[in-house]
Amino acid sequence: MQIFKEIEPLRAFLVEKRRAGLSIGFVPTMGALHAGHLSLIVASRAQNQITVCSIFINPIQFNNPNDLVSYPRTLDKDLTLLNSTGCDVLFCPDEAQMEMSVHSLLNFSFGTLETVMEGKFRPGHFNGVAKVVAKLLHIVEPDTAYFGQKDWQQFVIIRALVEGLRFNVKLQSVETVREQDGLAMSSRNLRLSEGQRKQATLLYSSLCQARQKLKAGDSILSVKEFVNETFRSKADFSLEYFEVVDSENLMPLNNVHEAERPMACIAAFAGNVRLIDNMFLL
Ligand code: AMP
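No experiment lies behind these values; they were computed from the predicted model shown.

*Asks:* How do you make sense of the sheet that holds strand E6 (residues 170-174) when you look at a structure like this?
*Replies:* Within a sheet, each strand pairs with its neighbour through backbone hydrogen bonds, oriented either parallel or antiparallel. Pairing is parallel in the open sheet, where 6 strands are placed in the order E1-E4-E3-E2-E5-E6. With partners counted over all chains shown, the strands left at the sheet margins are strand E1 (2-4) and E6, one partner each. Pairwise comparison of adjacent strand axes, ignoring direction, gives a mean angle of 25° for this sheet. Against the sheet, helix H8 (residues 152-164) engages strand E5 (144-148) and E6, with an angle of about 175° to E6.

Structure below.
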């Protein structure tokens, strides 16, 4: 695997590959890689001749400074995993290289897409995400970029970014990879205590039960109350939101049949570790 820490040598390398007619797949990450990230690499490798992964912990997408400080950093292990998955190129720039600043004049706003769920509880988060993804897409110029379904709201916002700015890139969402008990794999899972980890399947089980109840005809309101109640009885966990939305535009639904592809989305704290998950409903 070729490793680049600077933008210009990476660009020069990729220009050559493009000139040779090779297609480029791109997987942006913040490192602490797990099987979820690797499934994106595998998807990219299946469809492209060159797969580029980036590892960059974007400081301006963390609205909570403690979350940034405690975000896991496991570069040696990441390199081993990327090598064994057949990734061709790793781009791991430092902060100076990426020049990310919340104070820069260029800012993104995504209207109603970012006033709900993650956007509502993490002010400024999607502006930070959009700034880094726009910059990375501009640097790598991939044919296709791959994102996990786990961060569905992020995917919808990046789709709006790409369509709005006419980026010449296809976007692909890849199904969430889960632990055996259903917990969505996440770099943040490393920060769970043993006890929290055992109970963390609560997010997934709530989504499964919600889906079952909605399929059986229960109202969204009653299902929301059910999920609220489930979390109320767990001392170590607190529910931040549970929403049933139209997965296309993220608008909350009153009835699952109002949308072609309704989705349930959940965010909860286990101690001070914030976890999210989602599930298509029908
Ligand atoms: P992150 O490093 O958390 O920024 O994630 C980088 C990419 O990996 C994003 O597109 C995530 O949606 C995706 N991802 C994270 N966890 C999973 C998972 N469990 N399954 C599939 N993709 C994932």
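*Asks:* Help me understand the site of the ligand in this model?
*Replies:* Neighbouring the ligand are 16 residues; Met-30, Gly-148, Asp-151, Val-177 and Met-185 lie closest to it. Measuring from an oxygen atom of the ligand, one finds a backbone N or O atom of Gly-148 at 2.9 Å. Contact distances for the ligand include 2.9 Å between a nitrogen atom and a backbone N or O atom of Val-177. Notes on the ligand: free accessible area 490 Å², of which the protein chains cover 93%. Listed by contribution, the elements that provide at least two residues to the shell around the ligand are strand E2 (24-29), helix H2 (35-47) and E5. Per-element tally for the shell around the ligand: the top contributor is H2, with 3 residues. Partitioned by chemical class, the residues of the shell around the ligand number 7 nonpolar, 6 polar and 3 charged.

*Asks:* So what exactly am I meant to see when it comes to unusual backbone geometry here?
*Replies:* Backbone geometry follows two general trends: most residues other than glycine have a negative phi, and most peptide bonds adopt the trans configuration. Residues other than glycine seldom take positive phi values, yet Glu-141 does so here, at roughly 45°. Of note, Glu-141 is situated in the loop between helix H7 (125-140) and E5. For Glu-141, a relative accessible area of 47% puts it in the partly exposed group. Phi at Arg-166 takes a positive value of approximately 55°, unusual for a residue other than glycine. With respect to the helices and strands, Arg-166 occurs in the loop between H8 and E6.

*Asks:* How should I be thinking about the nonpolar core in this particular structure?
*Replies:* Note on soluble globular proteins: their nonpolar side chains tend to be buried together. If you look at the biggest cluster of nonpolar residues, it comprises 48 residues, and the most contacted ones within it are Leu-10, Leu-14, Val-52, Phe-91, Met-98, Val-133 and Val-140. Per-element tally for this core: the top contributor is H7, with 10 residues. If near-sequence neighbours (up to four positions away) are discounted, Phe-91 is found in contact with Phe-4, Lys-5, Glu-6, Ile-7, Leu-10, Cys-53, Ser-54, Ile-55, Met-98, Leu-136 and Ile-139. Counting 26 residues, the second largest nonpolar core, distinct from the first, contains Leu-192, Ala-200, Ala-268 and Met-279.

Calculation rules
Residues numbered from 1 in each chain as written. Predicted model: local features only at pLDDT ≥ 70, side-chain atom pairs only at ≥ 80, totals over all residues. Heavy atoms only, no water. Pairing = 2+ DSSP bridges. Helix = DSSP H or I, 4+ residues; strand = E, 2+ residues; numbered from the N terminus. Axes fitted to C-alpha atoms, helices over the stretch in contact; angles between N-to-C directions. Contact = heavy atoms within 4.5 Å. Near = heavy atom within 4 Å. Polar contact = N/O pair within 3.5 Å; in protein donor to acceptor, adjacent residues only side chain to side chain. Areas by Shrake-Rupley, 256 points an atom, 1.4 Å probe, with all protein chains shown as cover. Nonpolar A, V, L, I, M, F, W, Y, C, P; charged D, E, K, R; others polar. Buried < 20%, exposed > 50% of the residue type's maximum accessible area, 1.4 Å probe, protein only. Core = buried A, V, L, I, M, F, W, Y, C linked by side-chain atoms within 4.5 Å.

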